[in-house]
Amino acid sequence: MFDTLTGRLNAVFKKLRSRGKLHPKQVEAALADMRTALLEADVAVEVAEDLLERVRTRALSEEVMRSLTPAQQVVKVVRDELTATMGGTQAAFTLPSARPAVVMVAGVQGSGKTTACAKLARMVKEKGKHPLLVAADLQRPAAIEQLVTLGREIGVPVVSDGRDPVKVARSALKQAGREGLDVVIVDTAGRLHVDDEMMREARRVKEALRPHHVLMACDAMTGQDAVVQARAFMREVDTTGFVLTKIDGDARGGAALSITAVTGRPVFFVGTGEKLSDLEPFYPDRMASRILGMGDVLSLIDRAQEAMDQDRAREAAERMLKAQFTLEDFLVQMREMRKLGPIEELLAMLPGVPGGRSALKELAGGVDQAQLTRAEAIICSMTPEERRNPAIIGGSRRLRIARGSGTTTADVNALLKEFEAARKMMRTMMAGRGGRRPPRLPGMPTIPGTG
Amino acid sequence: MGVDIVVLVLGVVLVIAVAAYAIRVRPRRAAGVEEAGREEPARARPGPEGLGARVRALFAGGAPGDAEWAGLEELLVRADVGPATATRIVKEVRERFAPGDDPRALIAEELVAILGRDHGLELPSDRLAVILVVGVNGSGKTTTIGKLAARLAAEGRTVSLAGGDTFRAAASEQLEVWAARAGAHLVAQERGADPAAVAFDAVTSAIARGVDVLIVDTAGRLHTRTPLMDELRKVRRVLEKAGGRPDEVLLVLDATTGQNGIAQAAAFAEAVEVTGVALTKLDGTAKGGIVLAVRERLGVPVKLIGTGEGIGDLETFDPHAFAERILGG
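Throughout this document, residue positions are counted from 1 along each chain, in the order its sequence is written. Chain letters start at A and ligand numbers start at 1, both assigned in the order the entries are written. Per-residue local features of the predicted model are confined to residues with pLDDT of at least 70, and side-chain atom pairs are confined, for both listing and counting, to 80 or more; whole-chain, interface and lining totals are unaffected and use all residues.

Asks: Would you take a moment to explain helix 11 (residues 254-263) of chain A for this structure?
Replies: For an α-helix, the turn length of 3.6 residues means that residues three or four places apart are oriented alike. All names here are of chain A. With C-beta atoms placed from the backbone, a residue is buried if 20 or more other C-beta atoms are within 10 Å of its own, exposed if 12 or fewer are, and partly exposed between those counts. In this text, helices come from DSSP runs of H or I with a minimum length of four residues, and strands from runs of E with a minimum of two, each type numbered from the N-terminal end. Judged by how many residues are buried, helix 11 sits mostly within the fold: 10 of 10 residues are covered. Inspection of helix 11 places Gly 254, Ala 255, Ala 256, Leu 257, Ser 258, Ile 259, Thr 260, Ala 261, Val 262 and Thr 263 among the buried residues, and these make up the whole buried set. Gly 264 sits one or two residues past helix 11 and shows a positive phi near 70 degrees.

As structure tokens, this is what we get:
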């Protein structure tokens, strides 16, 4: 649906192109499309409508109306508004130098509080601080054991001393003071915002802790209820910000927009996986692209910079851009890429192509991790000479390679053929560009900050 | 050999390379810029509460017009039915509408028609019945299993639980507490064990003990994680091999889930043949309207609903009550 947003807007605006100027009617049609798109992304109805109201004003401005590419302009306006609503720039999570700094984590059941607490403790510890985890969830069976286990994994002490969350909180503060620990992170029980008694308890815990931050964990897959929850927690415990969890799925994450719009508080972190190191800063501009189905190339690059062997990858990429790459380079690229994570996840971060689903994503339907492994095995069974110059691979070499990699000669053939086709395609793409500027891919979003 | 691996890899790498190039050429916006011009929070609007009443009031005045129908559509969207399904439902009802009809009743009828008649669990009584429980992280699998075990036990069946969540810290401890509450027997292994092995042991032991129902818990997993979905397929396969072919595969779906619920249901249905949905956390303000799209597109019915953390807070799904709740506002 979102993949086609720009495409559909293009269609809406096409008619007007002949008349040379954008008609307000067309803007209305575009806004209706945009509304559906935002609702499909789980943006709350009221937030979507407020946003579109602001977009309407800007979209009817001369600048957009006279633009040669009104569809892109309108999408850009929407994305700007989305980004601004989510705080514009990345909100820094700062802790006071007070000893101890106290962070309370709250949220509904299953939103990922306990995991978020452990991830946060790990992050704080990495920065050289001495955190203390506090298990104040006395409701769910084995919640304390869960936090204790996670604490052990990251080498952070966990306490839960008392039969009442308020007592647990007070005693933890005392212990942190005694032992000179500088950051106290308190996990609380999941509670539904309509449960008055539990919400009052959250308030009492907060009053006992006097936390510097009250983070609400919010599941990125949440629908229209996100605003109701966010408002209720805001009212009761004065949330200072959010942790958006489970963002590694394929939800558009409109909840991120909804909760920041109705509370005016930022999302500080996103949970990107099940490992305790999977906590990343939140970037409003990237989230805006994601909500609009424009991919999340920037996060992908961040990950690439962390995981990939920069020099090798760049070298191979440069040769690739000059269409001089060999199977050897391909092997390097494939291995570097696999370090980034499962292929499906990488593809989910890539932008869609206007007018249809991303071509790459469609390919992914036919490709899985096992096939990549097989391709790797085939190339590994070749001699360096064969990798550089596949033309020399004749019948007997082919048979040897197939045997060596546990595949068939047909598999080897298919890979070679495909490789040649890809190389040709590259050459065509690079033709006329002098091989110096990278080609512009269809659907590549404008990189924020580049204009 | 699969298609276009080369193109795929090159494409991914190319996109990264191009984007990295663009960033190198023009330095990224300076970090730590003051948050000037921060938007004010959206002004408060009437929440979904009372919307049902407003819609009723709108219709009280006679023949409904565009605004009234749009109000009904918004009601459905606010219940997470999704814009596409909401638009279609309202359009169909509007076409059927005759003066004098109650539009709200017509919509309720339509919702019930989509959801189908009551679907209870279908468990055999002459042999071991097996229920496999799956879902994303935090949807409420373990709690649902605890409540279901208690309910089956109250019906006079002997119940055994398999602690197939060997990933999350203290998952089997959590299940152990529920097993004790429900009076069920628990088969579990240490954390990190192969969930398929736990499933195998559990079936073998359930058959040996002559247990009536075995409920298999699994670790929460995002439906986009291929290796984890493969692991789930394996659990199902192993259950079948061990002589415990699942009679029910319940997808536990959080009622607060938005449109992503469709993708979740589709992925789990494809992997392990989901037979029904257990819709949890309906005691909040979320309406769980996503199950309409799930039912429509995948044909998977809702079987159970969770309405609280208490051991008795599990009910058989009632489409009429559900439709009323969605339209009730």
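Asks: Would you mind showing me how to read the pairing of strand 4 (residues 213-218) of chain B here?
Replies: Residues in a regular strand project their side chains so that they alternate between the two faces of the sheet. Residues and elements named next belong to chain B. Strand 4 sits mainly inside the fold: six of its six residues count as buried. Of the two faces of strand 4, the one holding Val 213, Ile 215 and Asp 217 and the one holding Leu 214, Val 216 and Thr 218 are both buried throughout. Only when DSSP finds a minimum of two bridges between them are two strands counted as paired. In the sheet, strand 1 (residues 129-134) pairs with strand 4 via four bridges, with the strands oriented parallel. Looking at the pairing, Leu 132 lines up with Val 216 of strand 4.

Asks: For this particular structure, what's the right way to read the nonpolar core?
Replies: The tendency in soluble globular proteins is for nonpolar side chains to be buried as a group. Core analysis: the largest hydrophobic core is formed by 189 residues, its most contacted members being Val 134 of chain A together with Ala 149 of chain B. With eight residues, helix 10 (residues 225-237) of chain A is the single largest residue contributor to this core. When residues of this core are assigned to domains, at least three fall in each of domain 1 (3-85) and domain 2 (101-294) of chain A. If we skip the residues at most four places from it in the chain, Ala 149 of chain B touches Val 159, Leu 161, Trp 178, Ala 179, Ala 182, Ala 184 and Ile 215 of chain B. In this structure, Phe 325, Ile 378, Ile 379 and Phe 419 of chain A belong to the second largest nonpolar core, which totals 18 residues. Among buried residues, those of type Ala, Val, Leu, Ile, Met, Phe, Trp, Tyr and Cys that are joined through C-beta atoms within 7 Å form a set called a nonpolar core. Start and end positions for the domains come from either an automated domain assignment or a database one. Each residue gets a C-beta atom placed from its backbone, and two residues are in contact if those atoms lie within 7 Å.

Asks: Help me understand the sheet that holds strand 4 of chain B, please; the structure alone is not making it clear to me.
Replies: Residue and element names in this part refer to chain B. Sheet architecture is open: eight strands sit in the order 3-2-4-1-5-6-7-8, paired in mixed fashion. Two strands close off the open sheet at either side, each with one partner strand: strand 3 (185-187) and strand 8 (314-316). Taking the axes of each pair of neighbouring strands and ignoring which way they run, one obtains an average angle of 25 degrees across the sheet. Across four bridges, the pairing between strand 1 and strand 5 (residues 248-254) is parallel. For helices, the axis comes from a line fit to the C-alpha atoms of the stretch in contact; other axes are also lines fit to C-alpha atoms, and the angle between any two N-to-C directions lies between 0 and 180 degrees.

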